[in-house]
Amino acid sequence: MAIATQSFQDRLMDGDMTLDVSPEVDPSNLVYYKLCSADDFEEGEGKPFTVEGTHIAVFRYEGEFNAVDNRCPHMGYPMSEGSVRDGVLICHWHHWEFDLKTGGCFITSGAGNDLKSFPVEVWDDGCLYVGLAPGEKEAARRRRIDRGKYILEQGLKDRSSLLIAKAIAALRAAGATPQEMIQQGLFYGAYKSNEGWSSGVAILTLAANMWEDVDEKDHNLFLVHGLTQISRRTSGGSRRQGFPLPKTSDEPDLATLKRWFRRLVDQRSSSAAQRILMTMYDRGYSSEEIADVVFTTATDFYFTGDGHALDFANKMFEALDYVDWEGANEILRPIVVDLVGRERHEETARWEDSVPVLEDIFTRLDEMWEANQENEAPLDISAFTQTLLGEEFEPIVAEIEDKLREGVKPTDICRAMTYAGAIRTARFHLKNEGDWHDVANIYSYAHALYRAFHLAPSKELLRGIFHGAVFMTYLRWLNMPAARLPREGQRLDETFASEDKMLDRLQEFADFQKVFEAEVLVSQYLEEGYDIAKLRHTLAHIMLREDAELHMFQVLEVAFRHYDLSDDPKEKRMHLLAATRYITAQKVMKGILWSTENAERLQRGELLSERDDDN
Ligand code: FES
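This report concerns the structure included in the present document. Worth saying up front: this structure is predicted, and the values here are computed from it rather than measured. (Residues numbered from 1 in each chain as written. Predicted model: local features only at pLDDT ≥ 70, side-chain atom pairs only at ≥ 80, totals over all residues.)

**Quick word on the packing of helix H4 (residues 178-191) against helix H5 (residues 199-209)**
It is the contact of H4 with H5, at a shortest axis distance of 9 Å, that shows an interaxial angle of 165°. Between H4 and H5, the angle is such that the two are roughly antiparallel. In the crossing of H4 with H5, the sense of the turn from one axis to the other is left-handed. Note on element contacts: H5 touches H4 through Gly200, Val201, Leu204, Ala207 and Ala208, opposite Pro178, Ile182, Gly185, Leu186, Gly189 and Ala190. Looking at side-chain class alone, the contact of H4 with H5 contains eight nonpolar, three polar and no charged residues. (Axes fitted to C-alpha atoms, helices over the stretch in contact; angles between N-to-C directions. Helix = DSSP H or I, 4+ residues; strand = E, 2+ residues; numbered from the N terminus. Parallel < 35°, antiparallel > 145°, perpendicular 65-115°, else oblique. Left-handed = near helix turned anticlockwise from the far one by under 90°. Contact = placed C-beta atoms within 7 Å. Nonpolar A, V, L, I, M, F, W, Y, C, P; charged D, E, K, R; others polar.)

**Let's talk about the pairing of strand S10 (residues 127-132)**
Consecutive side chains along a regular strand alternate between the two faces of the sheet. Burial of the side chains of S10 is restricted to one face: Leu128, Val130 and Leu132 are buried, whereas none of Cys127, Tyr129 and Gly131 on the reverse face is. Where strand S1 (residues 31-37) and S10 come together, six bridges link them in antiparallel fashion. Counterpart to Tyr33 in the pairing with S10 is Val130. By the bridge criterion, three bridges tie strand S9 (residues 120-122) to S10 in an arrangement that is antiparallel. Looking at S10, one finds that Val122 is bridged to Leu128. Connecting S9 to the antiparallel partner S10 that follows it, the hairpin turn spans four residues, and Gly126 within it adopts a positive phi of roughly 80°. (Buried ≥ 20, exposed ≤ 12 C-beta atoms within 10 Å, placed from the backbone. Pairing = 2+ DSSP bridges.)

**Some remarks on the pairing of strand S2 (residues 46-51)**
In this structure, S2 lies alongside strand S3 (residues 54-61), joined through six bridges in antiparallel fashion. Looking at the pairing, Phe49 lines up with Ile56 of S3. Turn length for the S2-S3 hairpin, with the two strands adjacent in sequence and antiparallel, is two residues, and the turn residue Glu52 shows positive phi of about 50°.

**Considerations on the nonpolar core**
With 147 residues, the main nonpolar core has Ala313, Leu449, Ala469, Val555, Leu556 and Ala559 as its most contacted residues. Broken down by element, the residue count for this core peaks at 12 residues, all from helix H18 (residues 436-455). Domain assignment of the residues forming this core places at least three in each of domain 2 (147-349) and domain 3 (350-479). Contacts of Ala313, omitting those with residues within four sequence positions, involve Val294, Phe295, Ala298 and Ile335. Among the nonpolar cores identified, the runner-up in size contains 22 residues, and Ile56, Val58, Cys91 and Cys105 belong to it. (Core = buried A, V, L, I, M, F, W, Y, C linked by C-beta atoms within 7 Å. Domains from an automatic or database assignment.)

**Here's the deal with the packing of H18 against helix H19 (residues 462-474)**
Running from amino to carboxyl end, H18 crosses H19 at an angle of 165°, the nearest separation of the two axes being 11 Å. When the axes of H18 and H19 are compared, the pair comes out roughly antiparallel. The two elements H18 and H19 cross, and the hand of that crossing is left-handed. On H19, the residues that touch Ile442, Tyr445, Ala446 and Leu449 of H18 are Gly464, Ile465, Gly468, Phe471 and Met472. Of the residues assigned to the contact of H18 with H19, the class counts are seven nonpolar, two polar and no charged.

Just distances and angles here, no functional claims.
Encoded structure:
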């Protein structure tokens, strides 16, 4: 893992966000390029040149020549089209003004809007020459990236989606990598908030994970979604500074740090627990070792924050790996707020019946883990999915214990739990009062657990399987009545000239809130063997064109990942039906109407668990 040393990030922490667009250049290093005859210029005239890939605007003003970057830092208008008055260069698009000699911008505060200036001379041959430092093209590209990051910082501070979108467009045009943009957003979201792992940083992580699932034309949109949500969840004030424990000759070992971290989280001592996490990072413990501490602590409590604590912990490690742990000292801290502050389900009345049963099972974790490591057994994922959808949790958790002792891989049980989560989602009836988040949460939690077992498997993490299984049974009411699923072979009463026409129709169904028709269409698309990548692009586009919230992103990612993991066509189909339903249904939340209708039915003595419609 890399220690954070990025200069832009350091400047953010120092509160210095100015950009040096015209740094000192050693004149002896300059290479001069001939442009044209000096006589070609009229007084006051500007001309554009491209030299070695560098775009330059040259002006003749009061007999002298000046050269600046030809792209206006505001929105890229060619500066050579501008005019000069009293030594001030004016861009004609939005009338920003610059000192012609230095490129300094008069319009806004901060040097981030300055133009780069270049030395220009008339030589003895009567021609005009411009001096460029070696590597100027790459330097210009880096300046555009630095300027884009500066604008992005402003957009995040101002909570301006437009400014954020402009920054992203400029950064991508300058060749900034998604990793650079995502790292900046993650760091800002972690550093400029006193809250936990927010939806914005989670969406940015999902953008990284789903980059290949999304059509290239939607990449900017995906980033703007995450960054806009970060801007809404941050205040501009910074998280209180934190430091690792002082170094001593008698350092606490990893087991001690882990024990302290678990106790401090248990005591809800957030800043002290953050300090332990920063110490582990500072002392160079591996991502697996840090993940083991965090995942163990996340499962010390029951389904903390409706599963979000474990889910966000997984997202955090995915994000850190994606950015090579750059900025980890800050990015690691918010998860502690989730571990400390979110609801622990053992403290709720709902779990009163299951906690004693699970506590008894947890006394046998050591032997269960030992047996699991010694043995090896396959799992019929489809059959076990049906087990997990049972009504009573006791036989289910007993069967999980048996399977683990037989040597079934925990990741296989997590896959079955994810499949069960897909069914809960696909069969979630539109008439339910809210609760959509519950099915998304178990679906995403099961996937996070699957990932956690890959990163840092442990006997303690086994508890997460039992927590998830119990919660799955608590959600059985959300499938009463169960929404109908498209039958295999079911077709819409219309014909399509191509797969693209089908996908156009899918977008229309989403627009017009036709959830079941959208599901039938997806089922047909899959059965007819059309291009899955195009279907993924379309589902992602349907989501991204809305002001989508985190759960929609989570459901889509899980559906895509588990579609890829499975060889079973029925399971693959169920994941995509779940995603289709979740994304298209979120547009049909008729909360007031349904609440009123439900209240009237209850008043009439009708059972809400009986279906009164076709869907
Ligand atoms: S592009 Fe120059 S001021 Fe807007």
